[in-house]
Amino acid sequence: MIRFFTNVWNNFKEYIVLVILILASLIILSQNKSPQVQKVRAIAFGSFATFTSIISDMFSVTDLKRENQQLRERNAELMIQISKLRKYGIINEELKDLLGFKDTANVPLIPATIISRSLSMTQNMLTLNAGRKHGVLPGMPVVNDRGFIGIVHSVSEDFSIARTLNNVDLKLTVMDERSRINGIMKWTGEELVIINIPNTFDIKIGDRIVTSGISSIVPLPLPVGIVEEFRPSETSGFSYIKVKPFVDLKPIENVFIIAEVQSKQKKDLELNFYRRQSDEIR
Amino acid sequence: MKFDKIFPFLIFFVGLLVQVTIIPLVSINGIVPDLILIMLVYYSITRGQLYGTVLGAYYGLSVDLITGSLLGSAMLSKTLAGFIAGYFSTETKRDINISTFNFSMIVFLCSMIDTLIFSFFSAFDFNTNFVTVLFEHALLPSLYTGVVSILFIFSPFRRKRLL
């Protein structure tokens, strides 16, 4: 018996190891959401990011970096304010006052530098040198002076990983600023598109696209891009809407993390509402 | 001898450091060469198929953990790439395969397999055009990786390891 197994091993060891490793990969693939896996991942990229940041720092000039950071911080604040002013211009200011809308003018910003980028065209990720210690939490939006960049995905003590707009796993609720139409935007691997918008909806080339207020990920109206191509489909009844993002991800080095995640109060309220609805149905 | 066995496992971190910090500077339209794959192919040819398969799994898993990609996707793709590269590890052709342009061809082939499998987990959905994925996500990065691997044929590092 032992001789049989020894013979099998000697003749097919490469294939046996290959099958075992493929099975291991598939098991790991199915465990992606597990908290233990997330923890191991946070430790791994946190440790590696320490070395990456050293190399990354060698490529930047210290004094200019600080000055640049301050200017970019100011720029990002102004960008958010302008974005809000645009929104206020469209919706009647008086009605907003009557309804008791709160002005959330000052959003806290956490400055961060990109210390490395992912290898993939489809799963674009950025490693940032700001982590839990700086107040970063998963789900926080990442922006720069031009607009929305992505969402913080994983956080370690000193570093964080953000999914960018060029990541197939990031699906974002966005809004046409002019017509107030909401839609889901995603990265196809080649371009940013808004999906499932019927042909009859009012979307025009050149319309500004911002993150939607109904988004469960980004609570603020942040500029995302403009409609570059709009092609109604006669067969499906849905339009093809291509968005050109405001932010070019290649040259950016410094970003800001908006230290605000979706309001827990709002989330709880929505959750209670849905629970009540399902109780009534029963 | 023992250090020689674990050296490829250690040098990986230097390679990945270069891959995520310096290699993006030479990207062409978002396409970057895969230095890790070049290292994997080299070690698979010089050390055999079994070693290449295990090394591929280790490189892939580490890439997944460190870069934040879908955990297990690069592990699967690089395991298979290491296994395929190991087929070119025959005693008689080993030296020819790493010291001539054969090496670039093998890198190109393994890169195609690696990127295709990796894209399967990241780029495919119901609306994806297979030809586009094949061309933009597999062929172009593989070509770039294959071209960059030519530099490796003439590198002093490779010559030293051959001795």
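Residues numbered from 1 in each chain as written. Chains lettered and ligands numbered in written order. Predicted model: local features only at pLDDT ≥ 70, side-chain atom pairs only at ≥ 80, totals over all residues. Heavy atoms only, no water.

### Considerations on the overall build of chain A
Moving on, step 1. Secondary structure summary: chain A contains 5 helices and 12 strands in total.
Moving on, step 2. Expressed as a percentage of the 282 residues in chain A, the buried residues total 41%.
Moving on, step 3. Of the contacts made within chain A by residues no fewer than 6 positions apart, 60% connect residues no fewer than 24 positions apart.
Moving on, step 4. When the accessible area of chain A is evaluated, it comes to approximately 15900 Å², of which 58% is carbon and sulfur surface. (Helix = DSSP H or I, 4+ residues; strand = E, 2+ residues; numbered from the N terminus. Buried < 20%, exposed > 50% of the residue type's maximum accessible area, 1.4 Å probe, protein only. Contact = heavy atoms within 4.5 Å. Areas by Shrake-Rupley, 256 points an atom, 1.4 Å probe, with all protein chains shown as cover.)

### Considering the packing of aromatic side chains
All names here are of chain B.
Moving on, step 1. Scanning the entire structure with this criterion turns up 12 aromatic pairs over all chains.
Moving on, step 2. Each ring, one from Tyr-58 and one from Tyr-59, has its centre 6.0 Å from the other, and the planes form 50°; the classification is tilted.
Moving on, step 3. Accessibility expressed as a relative area gives 0% for Tyr-59, which makes it buried.
Moving on, step 4. A ring pair is formed by Phe-103 and Phe-152, whose centres lie 5.5 Å apart and whose planes are at 20°; its orientation type is stacked. Of this pair, Phe-103 sits in helix H6 (residues 102-122) while Phe-152 sits in helix H7 (residues 130-153); the two residues are 49 residues apart in sequence, bridging distant segments of the chain.
Moving on, step 5. Since its relative accessible area comes to 0%, Phe-103 is described here as buried. (Phe/Tyr/Trp six-rings, centres within 6.5 Å; stacked < 30°, edge-to-face > 60°.)

### Some details on the confidence of the model for chain B
Moving on, step 1. Here chain B averages 85 in pLDDT, while 90% of its residues score no lower than 70.
Moving on, step 2. For chain B, helix H8 (residues 156-162) of chain B is the element with the lowest average pLDDT, namely 55, and helix H4 (residues 73-86) of chain B is the one with the highest, namely 94. (pLDDT = per-residue confidence, 0-100.)

### Describing a nonpolar patch on the surface
Residue and element names in this part refer to chain A.
Moving on, step 1. Residues Val-19, Leu-23, Leu-26 and Ile-27 make up a contiguous nonpolar surface patch of roughly 360 Å² in combined accessible area.
Moving on, step 2. The topology assignment puts Leu-26 in helix H1 (residues 2-30).
Moving on, step 3. On the basis of relative accessibility, which here comes to 41%, the residue Leu-26 falls in the partly exposed class. (Patch = residues over 30% accessible without salt bridge, like charges linked within 9 Å, V, L, I, M, F, W, Y side chains within 5 Å. Salt bridge = Lys/Arg side-chain N within 4 Å of Asp/Glu carboxyl O.)

### Thoughts on the packing of H1(A) against helix H3 (residues 49-67) of chain B
Moving on, step 1. Two elements in contact, H1(A) and H3(B), have axes separated by 9 Å at closest approach and are oriented at 10°. The orientation of H1(A) relative to H3(B) falls into the category roughly parallel. Between H1(A), through Lys13(A), Glu14(A), Val17(A), Leu18(A), Leu21(A) and Ile28(A), and H3(B), the contact on the second element is made entirely by Gln49(B), Leu50(B), Thr53(B), Val54(B), Ala57(B) and Leu61(B).
Moving on, step 2. Partitioned by chemical class, the residues of the contact of H1(A) with H3(B) number 8 nonpolar, 2 polar and 2 charged. (Axes fitted to C-alpha atoms, helices over the stretch in contact; angles between N-to-C directions. Parallel < 35°, antiparallel > 145°, perpendicular 65-115°, else oblique. Nonpolar A, V, L, I, M, F, W, Y, C, P; charged D, E, K, R; others polar.)

### Overview of the interface of chain A and chain B
Moving on, step 1. With 40 residues of chain A in contact, the opposing surface of chain B contributes 45 residues.
Moving on, step 2. Between chain A and chain B, the buried area comes to about 3700 Å², and carbon and sulfur atoms account for 73% of it.
Moving on, step 3. Counting every contact that joins chain A to chain B gives 0 salt bridges.
Moving on, step 4. The biggest single contributor to the side of chain A that touches chain B is H1(A), with 12 residues.
Moving on, step 5. Broken down by class, the residue content of the side of chain A that touches chain B amounts to 23 nonpolar, 10 polar and 7 charged. (Buried area = accessible area lost by both parts, 1.4 Å probe.)

### Here's the deal with the pairing of strand S10 (residues 223-232) of chain A
All names here are of chain A.
Moving on, step 1. The pairing of strand S9 (residues 208-211) with S10 spans 3 bridges and is classified as antiparallel. Paired with Val-210 across the two strands is Pro-223, which belongs to S10.
Moving on, step 2. Alignment of S10 against strand S11 (residues 238-245), held across 7 bridges, turns out to be antiparallel. In the sheet register, Glu-229 faces S11, and the bridge partner there is Lys-242. (Pairing = 2+ DSSP bridges.)

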